[in-house]
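Spelled out from the first residue to the last, the chains are:
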Amino acid sequence: MRRSLACFTLALTLCSAGARGQSMPPAPLTVIRAGTLIDGVSDAPRKNQLIFVRGERIERVADGAAAIPAGTKVIDLSNATVLPGLIDAHTHIFLWGEDPAKGGYDANILKAGIALRAARATYAVRRALEQGFVALRDLETEGAGYGDIEIKQAIEEGTIPGPRIFGATRAISTTGGYNLEGYAPELEMPKGAQLVDGSVEARKAARQQLEHGADWIKVYMTHRSWVDKQGKLVSQPTLTVEELKAIVDETHGWQKKVACHAYNGIGMQRALDGGCDSIEHGLEITDAQIAQMQRQGTWYCPTLSAYYGDWALPDTPEGKRDRARAAVHEITFKKALQAHLKIVFGTDMGGIPWTEPIAQEFGQMVKLGMAPMDAIQSATSRAAEMLEMKGEIGVIGTGAYAEMIAVAGDPLKDVGELEHVRFVMHNGAIFKNEMAK
Ligand SMILES: [Zn+2]
């Protein structure tokens with residue numbers, strides 16, 4: 001908002017200055033000297049590079065020997081590795097953990113008023129930016145309505161610091177397909193998603209969410225999961241193919257995309273047959289379904305970290321379920337790697353407390369066999385492509401937004417370095433610089 005207004009004002013000023021035969025000075029140049037540059041696209045890093053930044057964009061990237069005009073501000077990151085700002089493609093800025101000891105998921109909705117939730121979301125987006133995450137695909141507000149779009153507005157108008165937000169607003173599931181549940185049946189409980197039944201309601205919900213600014217539509221294709229007598233993970237399906245197709249058709253008409261939460265089984269198959277653009281979590285995807293994802297160009301956002309911590313006790317139904325989930329997830333992730341599915345980095349932060357490092361997901365991905373450079377690209381150029389921002393974010397190159405981070409060590413040797421981001425530039429402005437100390 002603020003930027004477009006500023007551009008408009010600038011254009012007016014340019015006109016009047018032009019009429020008087022004068023010209024506006026260009027935005028000042030800043031040059032970043034990168035000891036090592038991982039540009040988000042190239043297979044290998046480059047040593048000793050100069051990144052020329054003017055305004056909020058990168059003008060060019062040059063070899064370290066290139067001339068720097070006199071008087072230019074130079075930021076010395078010659079002892080650091082510079083990378084594009086990171087993208088988390090699956091977050092919940094309005095979710096404040098799901099720890100059973102703190103009331104679990106339900107406490108988010110039952111115990112916190114909307115102002116408290118907005119304050120927590122404000123904290124979450126700041127935390128993300130501090131850790132070098134310059135863009136979030138935020139996949140539903142968990143009962144906080146259109147709050148994500150309003151937080152995005154507050155960031156864009158400069159009221160609060162935060163990353164670029166791609167918001168999904170309320171999300172869509174079916175009756176019996178989302179929390180809050182387990183209360184007395186005569187109680188009308190609030191729900192964490194918009195519940196629909198039938199294609200007409202499904203399309204209407206998509207229209208309502210798109211009208212109120214949804215950048216993506218998020219749907220739940222599975223809900224509860226448990227382990228059956230044979231020890232296999234089973235997930236309850238939610239929307240039918242017809243309901244999903246109505247949502248996808250409507251959303252694609254608005255040139256937007258649909259993200260599908262799907263664990264496995266019937267719901268996973270319906271997600272693919274209904275034309276989902278991205279599969280979220282995808283704990284158990286069969287070979288045939290992986291082939292279908294390849295054919296359809298479906299994105300895969302595995303969110304591994306969310307399933308590898310905080311398991312319930314082994315002998316409880318929840319404990320068995322938690323272990324079964326992680327066991328199949330690992331197999332699926334490795335198959336997805338082999339099949340070269342389009343894997344994007346996502347964490348489910350919010351379900352994971354916002355106080356924890358977002359970059360822990362890199363460690364999980366690499367532990368399960370992903371190359372560090374591939375993992376980095378899943379959180380930079382590949383995520384940018386999914387968000388229709390190819391060449392604009394997730395890359396350090398000519399014309400891109402000046403979004404970059406720096407770490408002291410080599411993340412290709414130890415991807416854990418990405419949990420210690422020392423420098424953050426967002427839209428051409430330095431948000432954090434601990435390298436100077
Ligand atoms: Zn999620």
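Residues numbered from 1 in each chain as written. Predicted model: local features only at pLDDT ≥ 70, side-chain atom pairs only at ≥ 80, totals over all residues. Heavy atoms only, no water.

Taken as a whole and assessed by the stated rule, the structure comprises one disulfide. One disulfide bridge connects Cys-260 with Cys-276, the sulfur atoms lying 1.5 Å from each other. Taken together, the residues Cys-260 in strand S13 (residues 257-262) and Cys-276 in the loop between helix H7 (265-273) and strand S14 (278-281) connect sequence positions 16 residues apart. Residue class for Cys-260 comes out buried when judged on its relative accessible area of 0%. With a relative accessible area of 4%, Cys-276 lands in the buried category. (Disulfide = S-S within 2.5 Å. Helix = DSSP H or I, 4+ residues; strand = E, 2+ residues; numbered from the N terminus. Buried < 20%, exposed > 50% of the residue type's maximum accessible area, 1.4 Å probe, protein only.)

Relative placement of two packed helices is described by the angle separating their axes and the distance separating the axes. Across the interface, helix H5 (residues 199-211) lies against helix H6 (residues 241-253) with an axial gap of 8 Å and an inter-helix angle of 30°. Classified by the angle their axes make, H5 and H6 are roughly parallel. Considering the relative orientation of H5 and H6, their crossing is right-handed. Residues Ser-199, Ala-202, Arg-203, Ala-206, Arg-207 and Leu-210 of H5 touch H6, and the partners they reach there are Glu-242, Glu-243, Ala-246, Ile-247, Asp-249, Glu-250 and Thr-251. (Axes fitted to C-alpha atoms, helices over the stretch in contact; angles between N-to-C directions. Parallel < 35°, antiparallel > 145°, perpendicular 65-115°, else oblique. Left-handed = near helix turned anticlockwise from the far one by under 90°. Contact = heavy atoms within 4.5 Å.)

We now examine the coordination of the zinc ion. Around the zinc ion, the donor atoms from the protein are His-90 (NE2), His-92 (NE2) and Asp-348 (OD), and they sit 2.1 to 2.2 Å away. All donor residues of the zinc ion come from one chain, and their arrangement in sequence is H-x1-H-x255-D. Taken as a pair, His-92 in the loop between strand S5 (86-91) and helix H2 (104-110) and Asp-348 in the loop between strand S16 (342-343) and helix H10 (360-367) lie far apart in primary sequence, 256 residues in all. A relative accessible area of 3% places His-92 in the buried class. (Donors = N, O, S within 2.8 Å, 3.2 Å for Na, K, Ca; no water.)

In terms of nonpolar packing, the biggest core is built from 72 residues, with Val-219 and Phe-362 touching the most fellow members. Per-element accounting of this core gives the leading share, five residues, to helix H3 (residues 114-130). With near-sequence residues (within four places) excluded, Val-219 lies in contact with Ile-172, Leu-239, Leu-244, Ile-247, Val-258, Ala-259, Cys-260 and His-261. Ile-75, Val-82, Ala-402 and Phe-423 belong to the second-largest nonpolar core, a separate cluster that totals 19 residues. (Core = buried A, V, L, I, M, F, W, Y, C linked by side-chain atoms within 4.5 Å.)

A sheet is described by the order of its strands in space; here seven strands give the open sequence S3-S2-S1-S4-S17-S18-S19, paired in mixed fashion. Edge positions in the open sheet fall to strand S3 (57-63) and strand S19 (429-433), since each of these has one partner strand only. Direction aside, the axes of adjacent strands within the sheet are offset by 30° on average. Note that strand S4 (residues 73-84) and strand S17 (residues 404-407) share four bridges and pair antiparallel. Residue pairing in the sheet places Val-82 in a bridge with Ala-406 of S17. (Pairing = 2+ DSSP bridges.)

In this section: the confidence of the model for the chain. Chain-level statistics for the chain give a pLDDT mean of 94 and a share of 95% at 70 or above. In this model residues 1-21 is a low-confidence stretch, pLDDT under 50, and it forms ten contacts with partners more than four residues away in sequence or in other chains. (pLDDT = per-residue confidence, 0-100.)

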